[in-house]
Amino acid sequence: FGELSLTEQRGWLLGPRVGADFAGLSPLLLQVPEEQREPLLEMLRVMTPEERADLAVLAYRTPPQERDALRRALLETTDDNRPAWLRLRLAQ
């Protein structure tokens, strides 16, 4: 752990599921408004590895000025709807 960069350490402090995917998700996670922080982390923890991988692709494709809108839209999805929502966004 001590040999990791501070960014990687910060990611692993979010737990093993999110930490493992932190590098890909970091564009979406580095500037999260306080009111979105816990709901977003809870959602990420219940997402499948495939869903987090799809979200990482979306995070990198999304320009920085549009990432807040992406987070808000993600938080508005239901657990049941999220896989279809991710596929639809990836197809755009």
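Per chain, residue numbering runs from 1 following the sequence as it is written. Given that this is a predicted model, residues contribute local features only at a pLDDT of at least 70 and side-chain atom pairs are listed and counted only at 80 or more, while totals for whole chains, interfaces and linings are drawn from all residues. By convention in this description, side-chain values take in all heavy atoms of the structure and omit both hydrogens and water.

A. Representation of the pattern of salt bridges within the structure. Each salt bridge in this description consists of a side-chain nitrogen of Lys or Arg and a carboxyl oxygen of Asp or Glu lying within 4 Å of one another. The final tally for this structure, using the stated rule, is four salt bridges. Residue Arg52 is joined to Asp21 by a salt bridge in which the shortest nitrogen-to-oxygen separation is 2.5 Å. On the criterion of sequence distance, the pair formed by Arg52 in helix α5 (residues 49–61) and Asp21 in the loop between α2 (16–20) and α3 (22–29) is long-range, its members being 31 residues apart. When accessible area is computed with a 1.4 Å probe and restricted to protein chains, residues below 20% of their type maximum are described as buried, those above 50% as exposed, and intermediate ones as partly exposed. Residue classification places Asp21 among the partly exposed residues on the basis of a relative accessible area of 22%. For Arg71, the salt bridge identified is with Asp68, shortest N-O distance 3.3 Å. Taken together, the positions of Arg71 and Asp68, both in helix α6 (residues 67–76) and three residues apart, correspond to about one turn of that helix. Arg71 gets classed as buried once you look at its relative accessible area, which sits at 4%. Numbering of helices and strands starts at the N terminus; helices are DSSP runs of H or I of at least 4 residues and strands are runs of E of at least 2.

B. Molecular detail of the packing of α5 against α6. Where α5 meets α6, the closest approach of the two axes is 10 Å, and the angle between their N-to-C directions is 150 degrees. The orientation of α5 with respect to α6, classified from their angle, is roughly antiparallel. The two elements α5 and α6 cross, and the hand of that crossing is right-handed. Judged by residue contacts, Leu55, Leu58, Ala59 and Tyr60 of α5 engage Arg67, Leu70 and Leu74 from α6. Residues are grouped as follows: nonpolar covers Ala, Val, Leu, Ile, Met, Phe, Trp, Tyr, Cys and Pro; charged covers Asp, Glu, Lys and Arg; every other residue, Gly included, is treated as polar. For the contact of α5 with α6, the class distribution of residues is six nonpolar, no polar and one charged. For every element, the axis is a line fit to its C-alpha atoms; helices are fit only across the contacting stretch, and the angle between N-to-C directions ranges from 0 to 180 degrees. Geometric relationships in this document are graded by angle, where less than 35 degrees denotes roughly parallel, more than 145 denotes roughly antiparallel, 65 to 115 denotes roughly perpendicular, and other angles denote oblique. Two helices crossing with the near one rotated counterclockwise from the far one by less than a right angle form a left-handed crossing, whereas a clockwise rotation gives a right-handed crossing. Contacts are assigned to residue pairs with any non-hydrogen atoms lying within 4.5 Å of each other.

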